[in-house]
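# Geometric and topological summary
Here is how the chains run, residue by residue.
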Amino acid sequence: LKDKKELDKIINYLKESKKEINRIVINSYTDKKGLLEDNENLSKKRSKYIKEYLINSGIDNVDYILNNNGEKRNVSGNSTAEKRKNNRRTIIIIE
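Residues numbered from 1 in each chain as written. Predicted model: local features only at pLDDT ≥ 70, side-chain atom pairs only at ≥ 80, totals over all residues. Heavy atoms only, no water.

Before going further, it helps to spend a moment on the packing of aromatic side chains. Counted according to the given criterion, the structure contains one aromatic pair. When the ring of Tyr 49 is compared with that of Tyr 53, the centres are 6.1 Å apart and the planes differ by 25°; the resulting orientation is stacked. Taken together, the residues span about one helical turn, with Tyr 49 and Tyr 53 both in helix H2 (residues 36-56) at a distance of four residues. A relative accessible area of 32% places Tyr 49 in the partly exposed class. The exposure class assigned to Tyr 53 is buried, which follows from its relative accessible area of 18%. A cation over a ring is seen here: Arg 89 above Tyr 29, with NZ or CZ 3.9 Å from the ring centre. (Phe/Tyr/Trp six-rings, centres within 6.5 Å; stacked < 30°, edge-to-face > 60°. Helix = DSSP H or I, 4+ residues; strand = E, 2+ residues; numbered from the N terminus. Buried < 20%, exposed > 50% of the residue type's maximum accessible area, 1.4 Å probe, protein only. Lys NZ or Arg CZ within 6 Å of the ring centre and 35° of its normal.)

Take H2 next. In a regular helix each residue adds 1.5 Å, so 21 residues correspond to 30 Å; H2 covers 30 Å between its end C-alpha atoms and thus fits that length. Those residues of H2 not exposed but buried are Asn 39, Ser 43, Ser 47, Ile 50, Tyr 53 and Leu 54. Each buried residue of H2 sits inside an arc of 130° when the element is viewed along its axis, so together they form one side. Residues Glu 37, Lys 45 and Asn 56 are exposed on H2 and point more than 90 degrees away from its buried face. (Expected span 1.5 Å × (residues − 1). Arc of directions from axis to C-beta.)

Keep in mind these values describe shape, not function.
What follows is the structure, encoded as structure tokens:
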């Protein structure tokens, strides 16, 4: 995962924060290239990987909700590589 540095920033914030954290919601998305089932599986793998990475880094005392959205809710079209890249994303919500 090329964005481990971003995950590490989140982990450091969570460890240093004095706020009570009850839940972490992980929303994972893909572009529309490929088969629907493959995109759903990829989305699921991304969410699961991030959850496991956070837990293995000590963020294990919260509830996790994984929303594997696949190619739903694209923010860009899929006609160019740049637009598809924008659609491949994960959004983490800390509650």
